[in-house]
Amino acid sequence: MSRPEQEIKNGPAAAALLSAGLGCFVVGLDTVLAQIFPAISSFFNWCPPAGPLSGKSGLAVIVWLVSWAFLSAVWNDKEVDFHVVWRAALTLVILANLLVFPPVFEAFGH
Amino acid sequence: MSLTWKEFWAVFHGLLLGSAYLLAFAGGLAEFWNLRKRTQTPEGALEAIKRLKIGAWAMAAVCWFTVISGTYLVYPWYRAKGLESPRSKLLADPEKMLWHTFGMEWKEHVAWLSPILATAAAFLVSYYGVKLMERENVRQSTMIFFIIAFVAAAVAGIFGAFINKVAPVL
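Presented here is an overview of the structure given in this document.

Cut-offs used in this document
Residues numbered from 1 in each chain as written. Chains lettered and ligands numbered in written order. Predicted model: local features only at pLDDT ≥ 70, side-chain atom pairs only at ≥ 80, totals over all residues. Heavy atoms only, no water. Core = buried A, V, L, I, M, F, W, Y, C linked by side-chain atoms within 4.5 Å. Buried < 20%, exposed > 50% of the residue type's maximum accessible area, 1.4 Å probe, protein only. Helix = DSSP H or I, 4+ residues; strand = E, 2+ residues; numbered from the N terminus. Contact = heavy atoms within 4.5 Å. Phe/Tyr/Trp six-rings, centres within 6.5 Å; stacked < 30°, edge-to-face > 60°. Salt bridge = Lys/Arg side-chain N within 4 Å of Asp/Glu carboxyl O.

Among the nonpolar cores identified, the biggest contains 84 residues, and A:Trp75, B:Tyr21, B:Met59, B:Leu117, B:Tyr128, B:Leu132 and B:Phe145 are the most heavily contacted of them. A per-element tally of this core places helix α2 (residues 42-78) of chain B first, with 15 residues. Apart from the residues within four sequence positions on either side, B:Met59 is in contact with B:Tyr21, B:Ala24, B:Phe25, B:Ala118, B:Phe146, B:Ala149 and B:Phe150.

Applying the stated criterion across every chain yields a total of 26 aromatic pairs over all chains. A centroid spacing of 5.6 Å and a plane angle of 85° characterise the contact between A:Phe101 and B:Phe102, whose relative ring orientation is edge-to-face. You can see A:Phe101 sitting in the loop between α4 (82-99) and α5 (102-105) and its partner B:Phe102 sitting in helix α4 (residues 97-110), one on each of two chains. Classification of A:Phe101 as partly exposed rests on a relative accessible area of 27%. Exposure remark for B:Phe102: the relative accessible area of 23% places this residue in the partly exposed category. Measuring from ring centre to ring centre gives 5.8 Å for B:Phe123 and B:Tyr127, while their planes differ by 20°; the resulting arrangement is stacked.

Our next topic: the pattern of salt bridges. All names here are of chain B. Applying the stated rule across the entire model yields four salt bridges over all chains. The partner of glutamate 47 in a salt bridge is lysine 50, and the shortest N-O contact between them spans 3.5 Å. Of this pair, glutamate 47 and lysine 50 are both found in helix α2, three residues apart, which corresponds to roughly one turn of the helix.

What follows deals with the environment of B:Leu83. All names here are of chain B. Take leucine 83: it is sitting in the loop between α2 and α3 (86-92). Given a relative accessible area of 75%, leucine 83 falls into the exposed group. When the C-alpha positions of leucine 83 and glycine 44 are compared, they lie 58 Å apart, and in sequence the two are 39 residues distant. Setting aside residues no more than four positions away along its own chain, leucine 83 makes contact with Ser88 and Lys89.

Right, here's the structure in full:
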């Protein structure tokens, strides 16, 4: 999959990083929303034996893959500001790590 | 010397896949580090990137197997209704309750960050190939995602091991 230097644009790489950040953030966001709203927790019960975790993770994977496909299409063969994209992606991943930490998401209520 | 079906999957999910993951990460991290431009000859870089591609994709694949087997096989047994499930046992004992309310709650969510990040890192390694050496910012970004993926999985793995010791899936 690696290509000669003159053909390599950073758009597809930036798309992979930012979409991964978005996917991770959705795991955290889903965790908090399920904690706040019982109805959302019930909605996430996609596979009853696994409970709401199935929907929280399932939605995150869907958002990750759809955003990756979309950003790859938009940024294909383009140079983007890598530093801006990287900072955004890293911020989303850090937020995701905070939001899945029990003392944080439990602070949003039951 | 026998294992129940549930014990087998608990061991497969935690110990076998976890060990493979650790190996893939250790190898991958060493190759990321060695991929600094000043430390590689062109021939060495080609070999290093081959190993890194294998290590990164292996780590991502093992990570997906681990979270899927954990979420859809082992976790349902852990959280089954009834007084005999590990979750029920932990919640019934005030001295052990925190293993579920903190340990399991953290583990089950943070684990899902790992395969997403590991897959992104593996894609970047494949996309850039040996040119990753010339893009120091991309190499570092990829390595950071790779490390965060490992740390997230390590948190999940460590809590999984302890919880399975305190309240095993039988």
